[in-house]
Amino acid sequence: QVQLVESGGGLVQAGGSLRLSCTASGLPFSAYAMGWFRQAPGKEREFVAGITSSGGRRFYTDSVKGRFTISRDNYKSTVFLQMNSLKPEDTAVYYCAAGQSPTTLNQDYWGQGTQVTVSS
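Keep in mind the model is a prediction, meaning the values are calculated, not measured.

A. Fine view of the environment of Phe-68. Summarising the element assignment, Phe-68 is placed in strand β7 (residues 68-73). Taking the C-alpha atoms as reference, Phe-68 lies 13 Å from Phe-47; in sequence the two are 21 residues apart. If near-sequence neighbours (up to four positions away) are discounted, Phe-68 is found in contact with Arg-38, Val-48, Tyr-60, Leu-81, Gln-82, Met-83, Asn-84, Leu-86, Asp-90 and Tyr-94.

Printed below as a string of structure tokens:
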């Protein structure tokens, strides 16, 4: 049974930082591209950041470039999202996902999500 478990969400003031983690089990982690997505209330789920299976390429949506960093540790089957200079508009439920392409919504597996709330 495949499981993706996110952690690290919470409440932070604008300008602050959070580090999200997503640990996978039940799948060959190093064979999968990983992505972070988010969904704000009343909005569609959107791509945030992605990383290829080897970690050699990283992708970001424009609104988080220079503020967020995605990384992965294939030995620990974990993907991270370091979020700095957080803004109220970053408030959303953040999901990690595993699939063949790290940037699309067409993913093979999804985590349950972790809430990130940024206060102004």
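B. Region of the structure containing unusual backbone geometry. For Ser-77, which is not a glycine, the phi torsion comes out positive at approximately 50°. Topologically, Ser-77 is positioned in the loop between β7 and β8 (78-83).

C. Just the nonpolar core, in detail. Core analysis: the biggest nonpolar cluster contains 28 residues, and Met-34, Trp-36, Leu-81, Met-83 and Tyr-94 have the highest contact counts within it. Where this core is concerned, the elements lending two or more residues are β3 (18-25), β4 (33-39), β5 (46-51), β7, β8, β9 (92-99) and β11 (114-119). Contact partners of Leu-81, with chain neighbours within four places excluded, come to Leu-18, Arg-19, Leu-20, Trp-36, Val-48, Ala-49, Phe-68, Thr-69, Ile-70 and Tyr-94.

D. The arrangement of the sheet that holds β3 in detail. On the basis of which strands lie adjacent, the open sheet formed by four strands has the order β1-β3-β8-β7 and antiparallel pairing. A strand with exactly one partner marks an edge of an open sheet, and here the two such strands are β1 (3-7) and β7. Each strand axis lies, on average, 15° off the axis of its neighbour in the sheet, ignoring direction. Where β7 and β8 come together, six bridges link them in antiparallel fashion. Counted as the bridge partner of Thr-69 is Gln-82 from β8.

E. Quick look at the state of the cysteines. Applying the stated criterion across every chain yields a total of one disulfide. One disulfide in the model links Cys-22 with Cys-96; its S-S distance is 1.9 Å. Looking along the S-S bond of the Cys-22-Cys-96 disulfide, the torsion reads about 45°, which is the right-handed sense. Of this pair, Cys-22 sits in strand β3 while Cys-96 is found in strand β9, placing the two residues 74 residues apart along the sequence. Exposure class is identical for Cys-22 and Cys-96. Each is buried.

F. Up close: the pattern of salt bridges. Per the stated rule, a full pass over the model turns up four salt bridges. Of the charged contacts, one joins Arg-38 and Asp-90 as a salt bridge, the two residues approaching to 3.0 Å between their closest N and O atoms. One end of the pair, Arg-38, is in strand β4; the other, Asp-90, is in the loop between β8 and β9, with 52 residues separating them in the sequence. Per residue, the accessibility class of Arg-38 equals that of Asp-90, and both read buried. Taking the shortest distance from any N to any O, the salt bridge between Asp-62 and Lys-65 comes out at 3.0 Å. Neither residue differs from the other here; Asp-62 and Lys-65 are each classed as exposed.

The rules behind the values
- Numbering of residues starts from 1 in every chain and runs along the sequence as written.
- Totals for whole chains, interfaces and linings use all residues, but because this is a predicted model, local features are given only for residues with pLDDT of at least 70 and pairs of side-chain atoms are given and counted only at 80 or more.
- Here the side-chain values reflect all heavy atoms present in the structure, with hydrogen atoms and water set aside.
- Strands here are runs of E lasting at least two residues and helices are runs of H or I lasting at least four, both read from the DSSP assignment and numbered beginning at the N terminus.
- We call two residues contacting when some pair of their heavy atoms lies within 4.5 Å.
- Side-chain atoms within 4.5 Å are what join buried Ala, Val, Leu, Ile, Met, Phe, Trp, Tyr and Cys residues into a set we call a nonpolar core.
- Buried residues are those whose accessible area, probed at 1.4 Å on protein chains only, stays under 20% of the maximum for their type, while exposed residues exceed 50% and partly exposed ones sit between those limits.
- If DSSP finds at least two bridges between two strands, the strands pair.
- To get an axis, a line is fitted to the C-alpha atoms, and for a helix only the part in contact is used. The angle between two axes follows their N-to-C directions and goes from 0 to 180 degrees.
- The rule for a disulfide is simple: a pair of cysteine sulfur atoms within 2.5 Å.
- A pair is scored as a salt bridge if a Lys or Arg side-chain nitrogen falls within 4 Å of a carboxyl oxygen belonging to Asp or Glu.

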